[in-house]
Amino acid sequence: MRPKSFFINGGAGRVICSIPAFEKYAEDHPDEDFVIVCEGGTDFFKGHPILHRKCYDHWHKDLFEDKIKHTDIVTPEPYRIWHYYNQKCNLSQAFDIEINGLKEPRELPAPMIKLSREEETSGIFIVEEVRQRTKKKKTVVFQPFGRGVQTAGNIIMDTSGRSFEFNNVISIIKKLQKKYSVVLLSELTIDFEKEGFTDTVSHPQQRPLRELAGAIKAADLFIGCDSVGQHIAKAFDKPAVVVVGSTFKENISYPEDKKFTVLDMGEGLRVYDPIRITIDEYTNRVNDRIMAMNDKVEAVIMQEVDKLMKKYYKASDKVIRLPDEMQQQVDYTLQMEEEMKKQKANGGQMMPMPSIGSKEPKTSNNPNLIPALMADQCDIKPLSKTPSGFADVLKSK
């Protein structure tokens with residue numbers, strides 16, 4: 001029997017979810033010289049004790065002649081597995097069914113992500129810096145936007161219905177900051193000064209995704225949507241509050257994990273989007289703006305964050321010393337903050353605190369920095385008449 005070349009495409013979340021299935025395949029085929037061709041990059045296979053040496057970028061020199069030509073090519077597509085599009089398995093299990101030829105889903109371990117010491121340290125510094133600046137030891141990493149988010153002029157939108165709305169992102173960060181230090185994971189630039197923030201938000205930009213994974217590992221809790229961050233949190237056994245809208249929690253998250261609270265904005269409202277199977281305009285229209293939240297929904301999110309933080313937070317007695325240049329900047333910022341507080345006490349105006357992580361100073365005339373509401377409060381759809389997910393939580397309050 002010929003060995004196989006598995007072609008894996010899509011974003012980092014799909015790659016991470018494929019890891020348990022490939023571990024099982026390697027376990028069942030110890031003598032097979034199979035390869036994994038990563039069309040979206042090898043990042044999250046790096047350092048894996050079994051899979052790293054089997055992975056290649058699709059542009060690797062002489063890959064076809066040296067590794068692929070003598071193999072059978074397999075391109076797993078978990079979205080085309082019956083159990084997946086009927087909500088009988090999650091993404092990792094769908095990969096497992098196809099890669100390992102199973103008829104039914106089985107329990108799988110969490111994905112294994114092996115960070116280097118440098119990547120872990122970078123993540124620790126991201127978290128420690130915002131802790132020192134805000135004087136809040138409990139840290140939340142917030143990833144509000146999925147891959148479908150885009151800007152058009154000064155409008156920020158996600159037509160896939162997976163991302164938080166911009167106005168909710170601003171509101172939730174401000175609520176989190178009352179108790180926690182916050183690290184925002186987003187490729188979109190946000191003008192925190194313009195949005196009226198008076199406390200520092202860490203917004204690391206132009207960082208490798210593996211360093212941001214280090215920040216999730218170093219933090220105390222993760223909040224996010226249907227995107228890569230929740231899979232990283234799962235890999236590192238971090239408590240997480242995940243909010244889903246157009247996609248099903250049974251498919252894309254971990255509702256059975258006791259450390260995960262998966263809150264469902266779409267229960268009873270959404271229609272399954274047959275992505276990578278067909279293009280369905282009706283589905284997209286039904287699911288449009290499904291992640292728009294009112295104050296009650298935001299309150300539920302905060303309650304779940306507090307609940308998980310109270311249950312799983314573990315104080316550390318480790319003292320982290322930031323690199324000299326970074327530590328000097330933190331000390332200077334804290335000194336300036338004290339000066340501004342004194343000015344305010346004497347009748348002056350307290351200036352908003354900047355974000356950290358941006359390499360260039362922000363300019364307020366950038367159209368992408370103008371807040372744009374994807375849906376007004378009057379546009380928010382009513383909760384399901386059959387309570388479950390969010391509706392069930394709200395009903396019990």
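We now turn to the structure provided with this report. No experiment lies behind these values; they were computed from the predicted model shown. (Residues numbered from 1 in each chain as written. Predicted model: local features only at pLDDT ≥ 70, side-chain atom pairs only at ≥ 80, totals over all residues. Heavy atoms only, no water.)

## Brief notes about the overall build of the protein chain
Within the protein chain, the secondary structure is distributed over 13 helices and 11 strands. Expressed as a percentage of its 397 residues, the buried residues of the protein chain come to 52%. Looking at the protein chain alone, contacts between residues at least 24 apart form 66% of all its contacts between residues at least 6 apart. When the accessible surface of the protein chain is split by element, carbon and sulfur atoms take 49% of a total near 19800 Å². (Helix = DSSP H or I, 4+ residues; strand = E, 2+ residues; numbered from the N terminus. Buried < 20%, exposed > 50% of the residue type's maximum accessible area, 1.4 Å probe, protein only. Contact = heavy atoms within 4.5 Å. Areas by Shrake-Rupley, 256 points an atom, 1.4 Å probe, with all protein chains shown as cover.)

## A closer look at the layout of surface pockets
Roughly 770 Å³ of internal volume is contained in the second largest pocket. Lining of the second largest pocket is provided by 22 residues; of these, Arg 131, Ala 218, Asp 220, Lys 314 and Ser 316 occupy positions nearest its centre. Only α5 (117-134) and α7 (209-218) provide two or more residues apiece to the lining of the second largest pocket. The dominant element in the lining of the second largest pocket, judged by the number of residues it contributes, is α5, at four residues. (1 Å grid on protein atoms, 1.4 Å probe; cavity = no way out; pocket = protein on both sides within 12 Å on 5 of 7 lines; lining within 4 Å. Points joined across faces, edges and corners; volume = space filled by probe spheres on them.)

## A look at the side chain of Ser 163
Turning to its location among the elements, Ser 163 is positioned in the loop between β7 (155-158) and α6 (166-176). When its relative accessible area of 2% is taken as the criterion, Ser 163 is described as buried. A distance of 2.7 Å separates the side chain of Ser 163 from the backbone nitrogen of Gly 146, its partner in a polar contact. A distance of 2.5 Å separates the side chain of Ser 163 from the side chain of Asp 158, its partner in a polar contact. Once residues lying within four places of it in the same chain are set aside, the contact partners of Ser 163 are Pro 144, Phe 145, Gly 146, Val 149, Asp 158, Cys 225 and Met 291. (Polar contact = N/O pair within 3.5 Å; in protein donor to acceptor, adjacent residues only side chain to side chain.)

## Side note on the nonpolar core
By size, the foremost hydrophobic cluster in this structure holds 53 residues, and its most contacted members are Phe 22, Phe 34, Ile 36, Phe 45, Tyr 84, Ile 113 and Ile 232. No other element matches the eight residues that helix α1 (residues 12-28) contributes to this core. Among residues more than four places away in sequence, those in contact with Ile 232 are Ile 16, Phe 44, Ile 113, Ala 213 and Ile 216. (Core = buried A, V, L, I, M, F, W, Y, C linked by side-chain atoms within 4.5 Å.)

## Thoughts on the environment of Ala 219
Examined against the element boundaries, Ala 219 turns out to sit in the loop between α7 and β9 (221-224). Those residues in contact with Ala 219 that sit more than four places away from it in its chain are Val 127, Arg 131, Thr 139, Val 141 and Lys 238.

## Some details on the pattern of salt bridges
By the definition in use, this model includes 23 salt bridges. For Glu 211, the salt bridge goes to Arg 207, with nearest N and O atoms at 3.4 Å. Taking the shortest distance from any N to any O, the salt bridge between Lys 307 and Glu 304 comes out at 3.4 Å. Of the two residues, Lys 307 and Glu 304 are both situated in helix α11 (residues 295-312); the distance of three residues between them amounts to about one turn of the helix. Judged by its relative accessible area of 47%, Lys 307 falls in the partly exposed class. When its relative accessible area of 7% is taken as the criterion, Glu 304 is described as buried. (Salt bridge = Lys/Arg side-chain N within 4 Å of Asp/Glu carboxyl O.)

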